[in-house]
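Structural overview
Given next are the chains, with one letter for each unit.
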Amino acid sequence: MKKILITGAKGQLGNEILLLSKVYKDYEFLFHDIDTLDLTDFKNLEKFFQVHSPDIIINCAAYTAVDKAEKEPETAHLLNAEVPGVLALLSDRFNAYLIHISTDYVFDGRNYRPYKENDLPNPLSVYAQSKYAGEQKVLQFGNTVVIRTSWLYSRFGNNFVKTMLKLGKERDTLSIVFDQTGTPTNACNLAATILKMAESLDHNDHIRGIYHYSNEGVCSWYDFAREIIKSAGYSCNVLPITTDKYPMPASRPYYTVLDKSRIKNTLNITIPYWKDSLAECLKDII
Ligand SMILES: NC(=O)c1ccc[n+]([C@@H]2O[C@H](COP(=O)([O-])OP(=O)(O)OC[C@H]3O[C@@H](n4cnc5c(N)ncnc54)[C@H](OP(=O)(O)O)[C@@H]3O)[C@@H](O)[C@H]2O)c1
């Protein structure tokens, strides 16, 4: 039976894969987070590959604190660039595939149309630079897939949806930026797609390189917040503001809508519209 190693298993995406894995009877899943497999301990990581020989590695581990990364560039780089590089090297040595997750923030957001996989990245923040460096390291090996996603949320962990639900309950008014546009991604949809890709890797030699995945549609953080507050039935008033009125330590790109044609054609999937997927997630949270 083939083995799939999930790293960062206690994060948003890792937890969604854990839930879905129960119906995948043809694979043995190994779920690990920092408490059982610290990916920065490279010696131990190599030993793990020797002992368990995973066939596919799905790397959900990352340093995801975008603003904090500005003050901790070394830690962000270690986890988002060095670790994926070592995972790719070990996967290559042990004849395994690596599915690595990256971000829409590798782009500078100056595009006028959805980003394709071969558009040139130009990361604006430490987090984004570390993720782009991770992509470059893993793509040096032939047995790797990089999936870039955007605005990830889930019933698990902390994210924008949960923050809006909390603040929307407590406050009368919320001011949210409307000049950063992209697409939210329900991590459970991404998890299903990743598992489909893992299955397909066995049969399709053309599945290599970069793919984009988010839910369908386009919105601003303001639109996203309004939909969350409206769905929760809160009376909180959501007001649009520009990015300069809400200064953050890390610069964010203005426009990061992703073109998902490649992943849709390769895996023959349809992708849920972001409002429909949000409604599904809110059923579990509210
Ligand atoms: N969240 C977003 O909005 C977003 C958007 C675009 C792309 N992405 C990408 O999507 C992927 C999944 O994101 P996510 O939101 O699911 O991340 P997450 O919830 O932050 O989960 C990451 C997991 O990795 C673990 N981890 C940290 N250091 C580790 C180490 N040394 N060894 C092993 N595990 C370690 C974390 O543990 P601790 O919690 O203890 O640190 C956490 O459980 C990431 O690659 C991220 O960059 C995320």
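Scope of this entry: the structure provided in the associated data block. (Residues numbered from 1 in each chain as written. Predicted model: local features only at pLDDT ≥ 70, side-chain atom pairs only at ≥ 80, totals over all residues. Heavy atoms only, no water.)

1. Things to note about helix α9 (residues 274-285)
So the rule is basically this: Each helix is a run of DSSP H or I of at least 4 residues and each strand a run of E of at least 2, with the numbering of both proceeding from the N terminus. A helix is expected to reach a length of 1.5 Å times the quantity of its residues less one. Exposure classes here rest on a 1.4 Å probe applied to the protein chains alone. A residue is buried below 20% of its type maximum, exposed above 50%, and partly exposed in between. Taken from the helix axis, the directions to the C-beta atoms give the arc we talk about.
Between the first and last C-alpha of α9 there are 16 Å, a value that for 12 residues agrees with the 16 Å anticipated at 1.5 Å per step. Among all positions in α9, only Trp274, Ser277, Leu278, Cys281 and Leu282 are buried. Within α9, the buried residues cover an arc of 140° as seen down the axis, which keeps them to one side.

2. Let's talk about the pairing of strand β2 (residues 27-32)
To be explicit about the condition: Pairing between strands is defined by DSSP: at least two bridges between them are needed. Assignment of crossover handedness uses the view with strands pointing away from the viewer, where a clockwise path from the first strand over the helix to the second indicates a right-handed crossover.
Where strand β1 (residues 2-7) and β2 come together, six bridges link them in parallel fashion. Paired with lysine 3 across the bridge in β2 is glutamate 28. Taken together, β1, helix α1 (residues 12-21) and β2 form a β-α-β motif whose crossover is right-handed.

3. Examining the packing of aromatic side chains
Under the convention used in this document: Each Phe, Tyr or Trp ring (for Trp, its six-membered ring) is paired with any other whose centre lies within 6.5 Å, and the angle between the two planes then decides the class: stacked below 30 degrees, edge-to-face above 60, tilted in between. Here, over-ring charges are defined by two tests on the NZ atom of lysine or the CZ atom of arginine: distance to the ring centre within 6 Å, and angle to the ring normal within 35 degrees.
For the coordinates displayed, the defined rule picks out 13 aromatic pairs. Measuring from centroid to centroid gives 3.7 Å for tryptophan 151 and tryptophan 221, while their planes differ by 15°, and the two rings are stacked. Highlighted residues: tryptophan 151 in the loop between β5 (144-149) and β6 (152-153) and tryptophan 221 in helix α7 (residues 221-232), separated in sequence by 70 residues. For the pair tryptophan 151 and tryptophan 221, a shared accessibility class is recorded, and that class is buried. Taken together, the ring pairs connect Trp151, Tyr153, Phe160, Trp221, Phe224, Tyr273 and Trp274 into an aromatic cluster. Above the plane of the ring of tyrosine 112 lies arginine 113, whose end atom (NZ or CZ) is 5.9 Å from the centre. A cation sits over an aromatic face here: arginine 262 above tyrosine 211, 4.0 Å from the ring centre.

4. Concerning the nonpolar core
The cut-off we apply is this: For this analysis, a nonpolar core means a set of buried residues of the types Ala, Val, Leu, Ile, Met, Phe, Trp, Tyr and Cys, connected via side-chain atoms within 4.5 Å. By definition in these notes, contact holds between two residues if any of their heavy atoms fall within 4.5 Å.
Ranked by size, the top nonpolar core spans 33 residues in total, and within it Val161, Ile176, Phe224 and Leu278 carry the most contacts. Sorting the residues of this core by element identifies α4 (126-138), α5 (160-170), β7 (173-177), α7, β12 (237-241) and α9 as the ones contributing at least two each. The leading source of residues in this core is α7, at seven residues. Setting aside anything within four residues of it in sequence, one finds valine 161 in contact with Tyr153, Phe224, Ile228, Leu278, Leu282 and Ile285.

5. Points about α7
Relative to the 16 Å expected for 12 residues at 1.5 Å per residue, α7 spans 16 Å between its end C-alpha atoms, a close match to the ideal helical length. Among all positions of α7, only Trp221, Tyr222, Phe224, Ala225, Glu227, Ile228, Ile229 and Ala232 are buried. Buried residues in α7 make contact with β6, α5, β7, β11 (219-220), β12 and α9. Taken from the residues just after α7, glycine 233 is the one with a positive phi, measuring 75°.

6. Notes on the sheet that holds strand β10 (residues 209-213)
Using the following cut-off: What counts as an axis is a line fitted to C-alpha atoms, over the stretch in contact for a helix, and the angles between N-to-C directions run from 0 to 180 degrees.
The strand order across the open sheet built from six strands is β2-β1-β3-β4-β5-β10, with neighbouring strands paired in parallel fashion. Whereas interior strands pair on both sides, the edge strands pair on one side only; in this sheet they are β2 and β10. Taking each pair of neighbouring strands and ignoring which way they run, the sheet shows an average axis angle of 20°. Relative to strand β3 (residues 56-59), β1 runs parallel, the two sharing four bridges. By the bridge assignment, threonine 7 is partnered in β3 with asparagine 59.

7. Concerning the site of the ligand
For clarity, the threshold we go by: A single heavy atom is enough: if one lies within 4 Å of a molecule or strand, its residue is considered near that molecule or strand. Whenever two N or O atoms come within 3.5 Å, that pair is a polar contact, provided that in protein one can donate a hydrogen and the other can accept it, and provided that, for residues adjacent in sequence, both atoms are side-chain atoms. With residues, only the protein chains shown are counted as cover, and all accessible areas are computed by Shrake-Rupley using a 1.4 Å probe. Any residue outside Ala, Val, Leu, Ile, Met, Phe, Trp, Tyr, Cys, Pro, Asp, Glu, Lys and Arg is labelled polar, Gly included; the first ten of those are nonpolar and the last four are charged.
In the neighbourhood of the ligand, 24 residues make up the surrounding shell, with Gln12, Asp33, Thr64, Tyr127 and Lys131 lying closest. In this structure, an oxygen atom belonging to the ligand sits 2.7 Å away from a side-chain N or O atom of threonine 64. At a separation of 2.7 Å, an oxygen atom of the ligand approaches a polar side-chain atom of lysine 131. Contact with the protein chains covers 78% of the free accessible surface of the ligand, which is 900 Å². Among the elements of the structure, α1, β4 (97-103) and α4 are those that each provide at least two residues to the shell around the ligand. Classifying every residue of the shell around the ligand gives 12 nonpolar, eight polar and four charged.

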